[in-house]
Amino acid sequence: MEDKIRHVICPYCGCLCDDILIEMTGGEISGVENACTLGARKFLDDAGNRLKGPIMRKGDEWVDISYEEAIDYAVKVLSEADRPLLYGWSGCMTETQAIGAHLAELIGGIVDSTTSVCHGPSILAIQEVGHPGCTLGQVKNRADTIIYWGSNTIEAHPRHLSRYTNYADAYFFHNAFRERKVIVVDVRKTVTAEIATEFVQIDQGGDYHVLSALRAIIRERGGVIPDMVAGVPKAQLIRVAEICRQAKFGALFFGVGITMTGGKYKNIRNAIEFISELNRYTKWTISPMRGHSNVYGSNEVFTWISGYPFAVDYSRGIAFYNPGETTAVDILARKEADAALIMSSDPGAHFPRVCSEHLARIPTILFDPYPSATTHLCTLQIPTAVNGIDAAGTAYRMDGIPIMTRRFMETVYPTDTKLMQEIYDRIRKVKEDA
Amino acid sequence: MKILVNTGRTVVQGSHVGRKNSPEYFRETSNLRLNPVDMMEIGVDDGERIKATTDGISVVLMVTSDEMIKRGTGFLPLGPYANTLVGGTTHSTGMPDFKGAEVNIEATGEKISTVGELMRHLGGLPYGR
Ligand code: SF4
């Protein structure tokens with residue numbers, strides 16, 4: 001039997017495209033329409049790729065265990081740990097994130113999301129100087145000038161251009177594609193750079209200098225700028241500044257190309273202040289290109305529960321936030337954590353080696369439907385239903401819009417929300433009995 | 001030769017994040033793109049291997065020439081190979097230096113570790129179904 005399901009939400013990247021059409025044959029996904037390659041592979045590769053049940057490392061072998069045994073182990077490890085790290089949270093729904101934050105408080109642990117290794121610096125900058133942002137709907141219908149800075153959008157958020165910027169129809173333009181200008185700033189000529197009206201290639205780590213130069217030009221202090229700034233000729237900087245000043249509505253999107261390089265949050269602060277300079281003349285906004293489907297949700301949820309967006313340490317009994325100290329990479333690099341719960345993320349593939357080494361040393365409990373790089377490092381992996389396929393919940397799009405994802409497949413797997421709630425309730429009981 | 005290694009998402013890497021132990025993910029994330037002139041200087045051709053070393057830690061990678069890459073730099077898709085070359089310092093921001101690691105590269109005949117083998121070097125136990 002073949003079935004078509006419309007308006008499915010793609011749970012891959014922060015665009016959370018809500019127009020996906022899924023074809024089902026015999027209870028399995030057989031076709032995907034409207035999604036980009038990344039989204040389509042997320043759906044199509046699901047069949048046959050999931051772990052059948054929880055697996056546990058015992059000495060030098062992996063053994064299959066039941067969900068009951070897995071939960072018993074998780075309850076024991078987390079309730080006995082002195083400095084547990086609860087990390088990940090960007091691939092699960094806000095409902096699960098909320099339980100994670102409460103669990104951290106209950107056990108005096110640290111809760112941090114993948115934010116700390118993607119747009120953590122952006123949040124630090126926003127905390128310093130604010131965030132002149134807007135929703136993607138405003139950009140789609142109004143923006144005549146777009147900047148992608150340190151973001152290879154075509155490969156990382158493939159439909160961002162067709163749904164919200166370069167290739168999107170716009171209410172206030174006759175022919176948006178012809179009327180919009182796209183500026184790409186990057187250290188390498190990416191595929192995104194190839195579609196740019198103006199490509200600015202900067203030297204690795206030169207973002208801060210180039211932003212400072214652009215600010216000076218906008219403030220009519222261009223005279224102080226040398227002929228070349230971080231590999232960019234002054235003439236091009238003047239041209240770019242002029243395009244920005246002439247815009248009626250501009251939107252700057254920045255990727256991890258600028259948050260990860262030297263300067264980190266100071267780069268983003270400079271970018272926000274560049275936008276503030278432009279706002280003396282015209283209308284500009286700036287927004288981070290959030291990567292994982294619900295990484296933004298983790299910041300919302302942790303903030304409304306603890307007051308802080310990520311890296312929240314409850315070891316003092318109250319919420320304490322000090323990125324650089326309470327962030328996952330630092331906690332692991334200092335070998336501080338004595339147990340870890342990893343929720344739907346893959347530090348084995350994305351953390352520096354010293355952090356992965358430490359995860360292999362301590363009891364590490366991984367919640368992930370599929371085998372990943374962290375699988376080889378953990379002590380226990382518990383497969384869950386896949387959010388956006390056989391589990392549903394709320395996710396936040398990169399511009400802060402909450403979207404309800406859809407469940408369109410029957411499942412034999414428990415959801416991560418259900419498992420986390422059970423672990424929370426059991427640990428609470430252990431603590432009360434003690 | 002010393003180069004600065006940049007990392008980032010590619011469509012092939014991103015399409016296989018649900019299958020990190022697949023041959024496609026392995027090939028893509030262990031593939032360092034270099035400027036052809038730099039490749040000539042260290043004496044490697046497309047598809048041959050180099051050993052990348054930083055801070056006394058090495059990882060073997062395959063190389064592919066790419067004219068878009070500036071001389072003295074390289075591009076390695078994000079993943080466990082790239083992160084072998086990243087240290088744990090975050091300069092008090094929480095964010096390590098994922099991009100712009102200074103790396104020494106030389107031609108090698110050694111074989112490239114799989115993702116599971118890389119994790120074994122870090123103390124893990126490869127899981128194979
Ligand atoms: S752009 Fe992102 S959300 Fe949209 S289909 Fe592609 S991966 Fe999915």
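*Asks:* Run through the overall build of chain B, naming residues and quoting values.
*Replies:* Helix and strand content of chain B: five helices and six strands. Reading the helices (α) and strands (β) of chain B from amino to carboxyl end gives β-α-α-β-α-β-β-β-α-β-α. Taking 129 residues into account, the globule formula puts the C-alpha radius of gyration at 14 Å, and chain B, at 14 Å, falls close to it. Counting only contacts in chain B whose residues sit at least 6 apart along the sequence, the fraction spanning at least 24 positions is 73%. Roughly 5300 Å² of accessible area belongs to chain B as shown, and the carbon and sulfur atoms make up 50% of that amount.

*Asks:* How would you summarise the sheet that holds strand β4 (residues 57-65) of chain B if you had to cite specific residues and measurements?
*Replies:* The pairing of strands in a sheet comes from backbone hydrogen bonds and takes either a parallel or an antiparallel form. Residues and elements named next belong to chain B. A barrel is described by the order of its strands in space; here six strands give the closed sequence β1-β5-β2-β4-β3-β6, paired in mixed fashion. Taken pair by pair, the neighbouring strands of this sheet meet at an average axis angle of 45°, ignoring direction. With four bridges joining them, strand β3 (residues 49-54) and strand β6 (residues 101-107) adopt antiparallel strand pairing. The residue of β6 that forms the bridge with alanine 52 is isoleucine 105.

*Asks:* Please set out the layout of surface pockets residue by residue, giving values where relevant.
*Replies:* In this model, the largest pocket occupies a volume close to 310 Å³. In terms of lining residues, the largest pocket is bounded by 18 residues, among which A:Ile123, A:Ile126, A:His131, A:Arg290 and A:Tyr296 are the most central. Sorting the residues of the lining of the largest pocket by element identifies α4 (120-129), β14 (283-288) and α14 (295-306) of chain A as the ones contributing at least two each. Taken together, the residues that form the lining of the largest pocket break down as seven nonpolar, eight polar and three charged. Of the voids in this model, the second largest pocket is the one considered here, and its volume is about 260 Å³. In terms of lining, the second largest pocket is formed by 17 residues, of which the most central are B:Arg19, B:Lys20, B:Asn21, B:Ser22 and B:Tyr127. If you list the elements that add at least two residues to the lining of the second largest pocket, you get α2 (23-29) and α5 (115-121) of chain B. A per-class count over the lining of the second largest pocket returns six nonpolar, eight polar and three charged.

*Asks:* Residues and numbers for the interface of chain B and chain A, please.
*Replies:* Facing 50 residues of chain B, the contacting portion of chain A comprises 64 residues. Surface buried jointly by chain B and chain A totals about 4700 Å² across both partners, of which 58% is contributed by carbon and sulfur atoms. Taken as a group, B:Met95, B:Leu125 and B:Tyr127 account for 16% of the area that chain B buries against chain A, more than any other trio of residues on that side. Taken together, chain B and chain A are joined by four salt bridges. The residue B:Arg19 makes a salt bridge to A:Asp45 at a minimum N-O spacing of 3.6 Å. Where chain B meets chain A, there are 19 residue pairs in polar contact (both at pLDDT 80 or more). Residue assignment for the side of chain B that touches chain A shows that the elements contributing at least two residues are β1 (2-8), α1 (11-15), α4 (80-84) and α5 of chain B. Per-class residue counts for the side of chain B that touches chain A are 21 nonpolar, 21 polar and eight charged.

*Asks:* I'd like to hear about a negative patch on the surface, residue by residue, with values.
*Replies:* Residues and elements named next belong to chain A. Judged by side-chain charge, Glu68, Glu69, Glu422 and Asp425 come together as a negatively charged surface patch. Elements represented by at least two residues in the negative patch include exactly α2 (67-80) and α18 (416-433). Structurally, glutamate 422 is set in helix α18. The class of glutamate 422 is partly exposed, set by a relative accessible area of 31%.

*Asks:* Can you break down the packing of aromatic side chains residue by residue, with the values?
*Replies:* Applying the stated criterion across every chain, the model contains ten aromatic pairs over all chains. Taking 5.7 Å as the distance between ring centres and 85° as the angle between the ring planes, the aromatic pair formed by A:Phe310 and A:Tyr321 counts as edge-to-face. Of the two residues, A:Phe310 sits in the loop between α14 and β15 (312-313) while A:Tyr321 sits in strand β16 (residues 320-321), which places them eleven residues apart along the sequence. On the accessibility criterion, A:Phe310 (0% relative accessible area) is buried. Looking at A:Tyr321, the relative accessible area reads 16%, which means it is buried. For the pair B:Phe26 and B:Tyr81, a centre-to-centre distance of 6.3 Å together with 65° between the ring planes defines the contact as edge-to-face. Within this pair, whereas B:Phe26 is found in helix α2, its partner B:Tyr81 is found in helix α4, the two being separated by 55 residues in sequence.

*Asks:* Which residues make up the environment of B:Gly8, and what are the values?
*Replies:* Residue and element names in this part refer to chain B. One can find glycine 8 in strand β1. Sequence separation between glycine 8 and isoleucine 50 is 42 residues; the distance between their C-alpha atoms is 20 Å. Once you skip the residues sitting within four places of it in the chain, glycine 8 turns out to touch Phe75, Leu76, Pro77, Leu78 and Lys99.

*Asks:* Describe the packing of α2(A) against α18(A), naming the residues involved and giving the relevant values.
*Replies:* All names here are of chain A. Packing of α2 against α18 leaves a shortest axis separation of 10 Å and a crossing angle of 50°. With respect to α18, the element α2 is oriented oblique. Note on packing geometry: the crossing formed by α2 with α18 is right-handed. Residue-level contacts link Tyr67, Ile71, Asp72, Ala74, Val75, Leu78 and Ser79 of α2 to Leu419, Glu422, Ile423, Arg426, Ile427, Val430 and Lys431 of α18. Residues of the contact of α2 with α18, tallied by class, amount to nine nonpolar, one polar and four charged.

*Asks:* Go over the pattern of salt bridges with me, naming the residues and quoting the values.
*Replies:* Residue and element names in this part refer to chain A. What the rule picks out here adds up to 35 salt bridges over all chains. Note that arginine 41 and aspartate 45 form a salt bridge whose closest N and O atoms lie 3.0 Å from each other. Overall, arginine 41 belongs to the partly exposed group, its relative accessible area being 30%. According to the relative accessible area criterion, aspartate 45 is buried, its value standing at 13%. For glutamate 273, the salt bridge identified is with arginine 269, shortest N-O distance 3.4 Å. With glutamate 273 and arginine 269 both in helix α13 (residues 265-278) and four residues apart, the pair spans about one turn of that helix. Through salt bridges with shared partners, a single ionic network connects Glu128, Arg215, Arg219, Lys266, Arg269, Glu273, Glu277 and Arg280.

Cut-offs applied
Residues numbered from 1 in each chain as written. Chains lettered and ligands numbered in written order. Predicted model: local features only at pLDDT ≥ 70, side-chain atom pairs only at ≥ 80, totals over all residues. Heavy atoms only, no water. Helix = DSSP H or I, 4+ residues; strand = E, 2+ residues; numbered from the N terminus. Rg over C-alpha atoms; globule rule 2.2 N^0.38 Å. Contact = heavy atoms within 4.5 Å. Areas by Shrake-Rupley, 256 points an atom, 1.4 Å probe, with all protein chains shown as cover. Pairing = 2+ DSSP bridges. Axes fitted to C-alpha atoms, helices over the stretch in contact; angles between N-to-C directions. 1 Å grid on protein atoms, 1.4 Å probe; cavity = no way out; pocket = protein on both sides within 12 Å on 5 of 7 lines; lining within 4 Å. Points joined across faces, edges and corners; volume = space filled by probe spheres on them. Nonpolar A, V, L, I, M, F, W, Y, C, P; charged D, E, K, R; others polar. Buried area = accessible area lost by both parts, 1.4 Å probe. Salt bridge = Lys/Arg side-chain N within 4 Å of Asp/Glu carboxyl O. Polar contact = N/O pair within 3.5 Å; in protein donor to acceptor, adjacent residues only side chain to side chain. Patch = residues over 30% accessible without salt bridge, like charges linked within 9 Å, V, L, I, M, F, W, Y side chains within 5 Å. Lys, Arg positive; Asp, Glu negative; His and termini not counted. Charge placed at Lys NZ, Arg CZ, Asp CG, Glu CD. Buried < 20%, exposed > 50% of the residue type's maximum accessible area, 1.4 Å probe, protein only. Phe/Tyr/Trp six-rings, centres within 6.5 Å; stacked < 30°, edge-to-face > 60°. Parallel < 35°, antiparallel > 145°, perpendicular 65-115°, else oblique. Left-handed = near helix turned anticlockwise from the far one by under 90°.

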